[in-house]
Amino acid sequence: AKLNKCFQGRLEMYNLDGREFIHNMNQKGLEIDHFIMNLPAMAPEFLDAFRGWNFKIKSYPDGSTLQQRPIVHLHCFGEKAKCSDEV
């Protein structure tokens, strides 16, 4: 966090199974802005764990409301495109 100049008081890191971690965060009812999923080979397999997320409703002074949803950053690899001369 310090090297990346992130807010150390707002950044928390965990080392858990992805699905278990997502469910734990949802059950705790924490306000979460972002999930960074940086396991390129496995991260897409955990996206289904976000189904049924308990969204928080944020109210504004003008009477409007907004469902607060975390942004999920998914990092993965793709295959190199083949050029016609490589085929």
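Preceding this paragraph is the structure being described.
Residues numbered from 1 in each chain as written. Predicted model: local features only at pLDDT ≥ 70, side-chain atom pairs only at ≥ 80, totals over all residues. Heavy atoms only, no water.

Draft legend 1. Highlighting the pairing of strand β2 (residues 56-59). Here β2 pairs with strand β3 (residues 65-68) via 4 bridges, running antiparallel. Each bridged residue has a counterpart across the sheet, and for Ser59 the counterpart in β3 is Thr65. The turn joining β2 and β3, which pair antiparallel and follow one another in sequence, is formed by 5 residues; a positive phi near 95 degrees is taken by Gly63. (Pairing = 2+ DSSP bridges. Helix = DSSP H or I, 4+ residues; strand = E, 2+ residues; numbered from the N terminus.)

Draft legend 2. Layout of the layout of surface pockets. Space inside the largest pocket adds up to approximately 1200 Å³. Taken together, 30 residues make up the lining of the largest pocket; nearest its centre are Glu12, Phe21, His34, Phe35 and Ile36. For the lining of the largest pocket, the residue count by class is 19 nonpolar, 6 polar and 5 charged. Volume-wise, the second largest pocket comes out at about 190 Å³. If you trace the second largest pocket, you find 14 residues lining it, with Leu30, Glu31, Ile32, Lys56 and Gln68 closest to the centre. (1 Å grid on protein atoms, 1.4 Å probe; cavity = no way out; pocket = protein on both sides within 12 Å on 5 of 7 lines; lining within 4 Å. Points joined across faces, edges and corners; volume = space filled by probe spheres on them. Nonpolar A, V, L, I, M, F, W, Y, C, P; charged D, E, K, R; others polar.)

Draft legend 3. How the structure looks around the pattern of salt bridges. Enumeration over the complete set of coordinates arrives at 1 salt bridge. Where Arg19 meets Asp48, a salt bridge forms, and the shortest distance between an N and an O atom there is 2.7 Å. Here the residue Arg19 occupies a position in helix α1 (residues 18-28), and Asp48 occupies one in the loop between β1 (34-37) and β2, the gap between them amounting to 29 residues. Using a relative accessible area of 29% as the deciding quantity, one classes Arg19 as partly exposed. (Salt bridge = Lys/Arg side-chain N within 4 Å of Asp/Glu carboxyl O. Buried < 20%, exposed > 50% of the residue type's maximum accessible area, 1.4 Å probe, protein only.)

Spatial relationships are all this shows, so hold off on functional conclusions.
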